[in-house]
Amino acid sequence: PSRRRLPEAVRQQALALVAEHYADFGPTLAAEKLLERHHLGLSRESLRRLMIGAGLWQPRARQVKHRRWRQRRACVGELVQVDTSIHDWFEGRGPQVVLISLIDDATGRVFRRFYPTDSTVTNMTHLRDYLARYGRPLALYGDGASHFLTTRQPTVDEQLAAQPPLTQIGRALRELDIAWIPAHSPQAKGRIERSFQTAQDRLVKELRLAGISDLATANGFLEEYDQRVTNQRFAIA
């Protein structure tokens, strides 16, 4: 056996903890939690091999990238992506909530909160709080949700002013001189879509481990978690 092989007691302890507490965790997150909560330091790859051998993890085939990624904007504030994720964030332990997120395209810095609904009021509230903390971006990039784009016909005043019909959020953005750029597919705003994919895995499990099942506590946790983990680890200069 290799001299670098993990002691059998450590291997068994790690597998027992994963089976008891982190059975649906991936190796990366499980390794982080073993170190953070149990002071048991294993590399992600070592734990991955242990979990595969014990039947706790199924290896996944590497997906072939079939499209070229759009380059990030050069400077913070040039473009901010906005979207909402509807998901069972509390896994049935509490009320249904949605996660509204704003991500700076240049840095990947996230600003997100849970809300009872995805509506004009909640999106404007979230944008107001973002502006108060980080200032005014040059442009917002999002999908064609009815909060942002409307299919109604322009009014007479709008026609006389040669302006397209606007939603409440559209009028607010115009007054703030923030451009609105509509995305024509989910793949076009891949940065925020991938962040939701990660959140629906990691964040759901973090909320479960913390025993959180209400909106106010979840937002308090998310504020601290994003400052300590998300923006520290994944945002770039």
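One can find the structure itself at the top, above this paragraph.
Computed from a predicted structure; not experimentally measured.

> Sorry if this is basic, but what is going on with helix 8 (residues 215–233) here?
When the terminal C-alpha atoms of helix 8 are compared, their 25 Å separation across 19 residues agrees well with the 27 Å that a helix rising 1.5 Å per residue should span. Along helix 8, the helix axis deviates most sharply at aspartate 226, where the bend reaches about 50°. Of all the residues in helix 8, the buried ones are Ala218, Asn219, Phe221, Leu222, Tyr225, Asp226, Val229, Thr230 and Asn231. Those residues of helix 8 hidden inside the fold are in contact with strand 2 (98–104), strand 3 (110–115) and helix 7 (190–209). Residue aspartate 214 occupies the N-cap position of helix 8, its side-chain oxygen lying 3.4 Å from the main-chain nitrogen of alanine 216.

> Can you walk me through the side chain of histidine 126 in this structure?
Along the chain, the position of histidine 126 falls in helix 4 (residues 120–134). In this structure the side chain of histidine 126 is engaged in a polar contact, spanning 2.9 Å, whose partner is the backbone oxygen of phenylalanine 111. Setting aside anything within four residues of it in sequence, one finds histidine 126 in contact with Ile100, Ser101, Leu102, Phe111, Arg112, Arg113 and Tyr115.

> It is not clear to me how empty space enclosed by the protein should be interpreted in this structure. Could you clarify?
Using a probe with the size of a water molecule, rolled over the atoms, empty space left in the structure can be pinpointed. Summed over all chains, the structure comprises one cavity of 30 Å³ or more. Approximately 70 Å³ is the volume found for the largest cavity. Taken together, Val82, Ile100, Leu102, Asn123, Met124, His126, Leu127, Leu140, Phe148 and Ile169 make up the full set of residues lining the largest cavity. Looking at the lining of the largest cavity, the elements that each hand over two or more residues are strand 2 and helix 4. For the lining of the largest cavity, the element with the highest residue contribution is helix 4, accounting for four residues. The residue makeup of the lining of the largest cavity, split by class, is eight nonpolar, two polar and no charged.

Cut-off values and rules
- Residues numbered from 1 in each chain as written.
- Predicted model: local features only at pLDDT ≥ 70, side-chain atom pairs only at ≥ 80, totals over all residues.
- Heavy atoms only, no water.
- Helix = DSSP H or I, 4+ residues; strand = E, 2+ residues; numbered from the N terminus.
- Expected span 1.5 Å × (residues − 1).
- Bend = angle between axes of the 7 residues up to and from the residue.
- Buried < 20%, exposed > 50% of the residue type's maximum accessible area, 1.4 Å probe, protein only.
- Contact = heavy atoms within 4.5 Å.
- Polar contact = N/O pair within 3.5 Å; in protein donor to acceptor, adjacent residues only side chain to side chain.
- 1 Å grid on protein atoms, 1.4 Å probe; cavity = no way out; pocket = protein on both sides within 12 Å on 5 of 7 lines; lining within 4 Å.
- Points joined across faces, edges and corners; volume = space filled by probe spheres on them.
- Nonpolar A, V, L, I, M, F, W, Y, C, P; charged D, E, K, R; others polar.

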